[in-house]
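If you want the building blocks of each chain, they are given just below.
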Amino acid sequence: HNGRKPQDEFKRVSAVYARIGFHATEIKEYLSKSPGALPSHEKRIIALMRAMLMEPALMIYDALVEGLEPEMMGKVLDVTQEYHMEMRGRTSIFISSEEKSLKGVRADETMKLSGGGLSS
């Protein structure tokens, strides 16, 4: 839909995965596996990459980094921050039941869910 060739898309995905710590050979290996064979944290990262390839103006990250090791959490949050900043007008919403999962999120505005409502 965006006019890019598959090999260009693979380069884009590879660049993002490289920032997270994966190498191109590992990505090709993932592409040949059934999603059911992957650990849940890897499924989330792959889902993130797929969503980013669609280049939506709104991204909602629900429990994106929960359960990840601190180093991987930081890398994933860096990638989401870069994605948010690379195009004017994008909105990113992070949802987490664990406040520590949102610790590394740099935000223009934060809201807290409590008592059935949102507060700033």
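Preceding block: the structure.
Residues numbered from 1 in each chain as written. Predicted model: local features only at pLDDT ≥ 70, side-chain atom pairs only at ≥ 80, totals over all residues. Heavy atoms only, no water.

A. Here's a closer look at the overall build of the protein. For the protein, the helix and strand inventory stands at four helices and four strands. When its helices and strands are written in sequence order, the protein yields α-α-α-β-α-β-β-β. Burial analysis of the protein (120 residues in total) assigns 28% to the buried set. Sequence-distant contacts in the protein: of pairs separated by 6 or more residues, those separated by 24 or more amount to 55%. A total accessible area of about 8300 Å² is found for the protein, and carbon and sulfur atoms account for 55% of it. (Helix = DSSP H or I, 4+ residues; strand = E, 2+ residues; numbered from the N terminus. Buried < 20%, exposed > 50% of the residue type's maximum accessible area, 1.4 Å probe, protein only. Contact = heavy atoms within 4.5 Å. Areas by Shrake-Rupley, 256 points an atom, 1.4 Å probe, with all protein chains shown as cover.)

B. Representation of helix 4 (residues 70-85). Between its terminal C-alpha atoms helix 4 stretches 22 Å, which fits the 22 Å expected from 16 residues at 1.5 Å a residue. In this structure, the buried residues of helix 4 make contact with helix 1 (6-20), helix 3 (40-53), strand 1 (58-62) and strand 2 (91-95). (Expected span 1.5 Å × (residues − 1).)

C. Main features of the packing of aromatic side chains. Per the stated rule, a full pass over the model turns up one aromatic pair. For the cation-ring pair, R90 lies above Y83, with the distance from its terminal atom to the ring centre recorded as 3.7 Å. (Phe/Tyr/Trp six-rings, centres within 6.5 Å; stacked < 30°, edge-to-face > 60°. Lys NZ or Arg CZ within 6 Å of the ring centre and 35° of its normal.)

D. Highlighting the nonpolar core. One finds I20, L48, M49, M52, Y61, V65 and V76 to be the most contacted residues of the largest nonpolar core, which totals 21 residues. Taken together, the elements giving at least two residues each to this core come down to helix 1, helix 3, strand 1 and helix 4. The element best represented in this core is helix 4, accounting for six residues. For M49, the residues in contact, after removing those within four places along its chain, are V16, Y17, I20 and V79. (Core = buried A, V, L, I, M, F, W, Y, C linked by side-chain atoms within 4.5 Å.)

E. Structural detail: the side chain of H84. Relative to the helices and strands, H84 resides in helix 4. Residue H84 is classed as buried on the basis of its relative accessible area of 18%. Among the polar contacts made by the side chain of H84, one reaches the side chain of S92 at a distance of 2.9 Å. With residues up to four places along the chain from it excluded, the contact list for H84 reads R90, T91 and S92. (Polar contact = N/O pair within 3.5 Å; in protein donor to acceptor, adjacent residues only side chain to side chain.)

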